Every structure is written in C-alpha cells, then in structure tokens.
Amino acid sequence: LFETPLGFGALNGEFGMSISCAPLANRFNISWLGMDGKKGMQKHYDKSLELFEMLADGADLREPNKLFEMILAELKHKSGTTFGLQRRINKKQGIITFKKFQHILDDYRYEVDDKKVYRIAWQKYFTFGHNATKLDGDFISEELLAFMYGIELQTVREDFVRGELKTFLQDNGEEIKAYKEIFSPKALAIASCKSAYSFREGSYRFSFNYMNGRVENFEFLGE
C-alpha cells in the first residue's frame, strides 16, 4: 500500500474510491522532545534533541531555545498563544499535529521576527500527530538515516533500498544495534492515509492515521 495506491469501485460506476498511505513512524516523533527523564525514552530524547539543534543551527535561527521552549510548552500542556491570544491546546498530552506545529512556527516567527524557521524541512525528519515510540527502519526517511549515522545524504539516496536497512548499514560499516532502543524489531502498521471517493454526482476526500488497527485523527477534507 505504501508503494501503490489502492483503487476500487462499483461496476456500474456509481461509486469509486482510491486510498494511498505513507509510513508515519519512519521519522522521529516530535513528541520525543518532551521525553527527557522518562524510562526507556532517554535515547529517543537525546537523539531528537540533537536533531533539533542541528536543524536550528543549519537554518541559523535567532532564538532556537525559544522555539524549543514553545514546543515543549505545547507538549507539556502549558498555556500557549497564537498571535498573542490565548488558544485551546491539544487535549492529548504529548501529541502535536503538524497543523498545531505550524501554529507554533507562526508564533515563533512573529514573536522573534525570524522567518528562517520556515526554511527547515521539518517533515523530512519529524513526524506528528501520534504517540508511536519506535522508529520503522524499513521505511526510514533518507534524511533521517543520513543524520543518525553520519552518512552523506547523496550516498543514502543512491544506495539505500527500503526494507534493506541492515544491508545498507553493513555496507557502510555501521550496525542497526547502535540504536536498538529506537528502532522497532519489525515493520510497524502505522501510516498516514488519504482517500478520495465519488458517489453518484459527488466527489469527496478525507484523511486519517492508521495506528496498528485503529483509525485516528480522521478529517473530512471536503469536495
């Protein structure tokens, strides 16, 4: 399903649907930035903080500590603001959707006057809107793989084949056990999915997260 969208419909053409899914646990969970001191999660926190600092330094952010504090406040359910106004916070503690994260970036940009925060390709390194505590190495993003093992990104893009992480690491003198606390021992049934369907004269779209058999964050996207 990650490789090819699935399509099906009624023979009379009255109904049709297509669905496509992308791996959701193939990057660091943004919630790991709030895991300092939590049992079994210290390496998750340490490595995700190192990644955050690398991205902030690369973009030359004016006040990276301020941005980190804003993210942490959202994760810890402290009060937050949007353009100076008090806002409702996510009811699920420790989870930030990407839409919510974009609000944090906007708050930081206007509070610090730092547009450089938008230069960072956050979604290539971090995933949002769920509480997965393991990384799916079979589908790890190329950018994250390059960061974790200090391998040139171009080398990863040329040589890494999804589903063959161990082989790739061995060929480059690395071992998966260096991050055994972070990697899942098996593929994870965790995905971000989008669907488009038609019924008679109408066409509609919706999205959801598939979390090991559960559907979460269902959102109707309209016609």
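Predicted model only: the values in this text are computed from it and were never measured. (Residues numbered from 1 in each chain as written. Predicted model: local features only at pLDDT ≥ 70, side-chain atom pairs only at ≥ 80, totals over all residues. Heavy atoms only, no water.)

Caption draft 1: Seen up close, the overall build of the protein chain. Along the protein chain, the regular secondary structure elements total six helices and nine strands. Counting only C-alpha atoms and orienting by the principal axes, one finds that the protein chain spans roughly 60 × 50 × 35 Å. Per-residue burial for the protein chain yields a buried fraction of 44% across its 223 residues. Only carbon and sulfur atoms are counted for the fraction: they give 49% of the accessible area of the protein chain, which is about 12700 Å². (Helix = DSSP H or I, 4+ residues; strand = E, 2+ residues; numbered from the N terminus. Buried < 20%, exposed > 50% of the residue type's maximum accessible area, 1.4 Å probe, protein only. Areas by Shrake-Rupley, 256 points an atom, 1.4 Å probe, with all protein chains shown as cover.)

Caption draft 2: The arrangement of the state of the cysteines in detail. Counting across every chain of the model gives one disulfide. There is a disulfide in this structure between C21 and C193, and the S-S distance comes to 2.0 Å. Linking C21 and C193, the disulfide has an S-S dihedral of approximately 105 degrees and is accordingly described as right-handed. Separated by 172 residues along the polypeptide, C21 in strand β2 (residues 15-23) and C193 in strand β7 (residues 190-199) bring together distant segments of the chain. Residue classification places C193 among the buried residues on the basis of a relative accessible area of 3%. (Disulfide = S-S within 2.5 Å.)

Caption draft 3: Geometry of the packing of aromatic side chains. Tallied over the full model, the rule gives 18 aromatic pairs. Aromatic pair F15 and Y197: ring centres 6.5 Å apart, planes at 40 degrees, arrangement tilted. Within this pair, whereas F15 is found in strand β2, its partner Y197 is found in strand β7, the two being separated by 182 residues in sequence. Exposure remark for Y197: the relative accessible area of 23% places this residue in the partly exposed category. With a centroid separation of 5.4 Å and 45 degrees between ring planes, the pair formed by F28 and W32 is classed as tilted. Exposure class is identical for F28 and W32. Each is buried. An aromatic cluster is defined as three or more aromatic residues linked by ring pairs; in this entry it consists of F15, Y197, Y204, F206, F208, F218 and F220. Residue placement shows K47 over the ring face of F147; its charged tip is 5.1 Å from the ring centre. (Phe/Tyr/Trp six-rings, centres within 6.5 Å; stacked < 30°, edge-to-face > 60°. Lys NZ or Arg CZ within 6 Å of the ring centre and 35° of its normal.)

Caption draft 4: How the structure looks around helix α3 (residues 98-112). With 15 residues, α3 should reach 21 Å at 1.5 Å per residue; the first-to-last C-alpha distance of 21 Å fits that figure. When we look at burial in α3, the residues that qualify are K100, F101, I104, L105, D107, Y108, R109 and V112. Residue D113 follows α3 closely and has a positive phi angle near 60 degrees. (Expected span 1.5 Å × (residues − 1).)

Caption draft 5: How the structure looks around the packing of helix α1 (residues 42-59) against helix α4 (residues 142-149). α4 packs onto α1 with a crossing angle of 105 degrees between their chain directions and a minimal axis gap of 11 Å. By the angle between their directions, the pair α1 and α4 is classed as roughly perpendicular. Counted together, K47, E50, L51 and M54 of α1 and L144, F147 and M148 of α4 form the full contact between these two elements. Among the residues forming the contact of α1 with α4, the class breakdown is five nonpolar, no polar and two charged. (Axes fitted to C-alpha atoms, helices over the stretch in contact; angles between N-to-C directions. Parallel < 35°, antiparallel > 145°, perpendicular 65-115°, else oblique. Contact = heavy atoms within 4.5 Å. Nonpolar A, V, L, I, M, F, W, Y, C, P; charged D, E, K, R; others polar.)

Caption draft 6: Inspection of the pairing of β2 at higher detail. One ladder, built from four bridges, connects strand β1 (residues 6-9) with β2; its direction is antiparallel. In the strand pairing of β2, F8 is matched with M17. Hairpin remark: β1 followed by β2, antiparallel, with five residues in the connecting loop; positive phi at G13, about 80 degrees. As paired elements, β2 and β7 share nine bridges and run antiparallel to each other. Counted as the bridge partner of M17 is Y197 from β7. (Pairing = 2+ DSSP bridges.)

Caption draft 7: Structural view of the environment of F126. Within the secondary structure, F126 is located in strand β6 (residues 126-127). Overall, F126 belongs to the buried group, its relative accessible area being 0%. Through-space distance from the C-alpha of F126 to that of M211 is 17 Å; in sequence the pair is 85 residues apart. Excluding residues within four positions of it along the chain, F126 makes contact with R27, F28, N29, I30, S48, L51, F52 and L55.

Caption draft 8: Spotlight on the confidence of the model for the protein chain. Mean pLDDT over the protein chain works out to 89, with 93% of the residues at or above the 70 mark. Taken together, the stretch residues 78-91 has pLDDT below 50 and engages in 30 contacts with residues farther than four places along the chain or on a different chain. (pLDDT = per-residue confidence, 0-100.)

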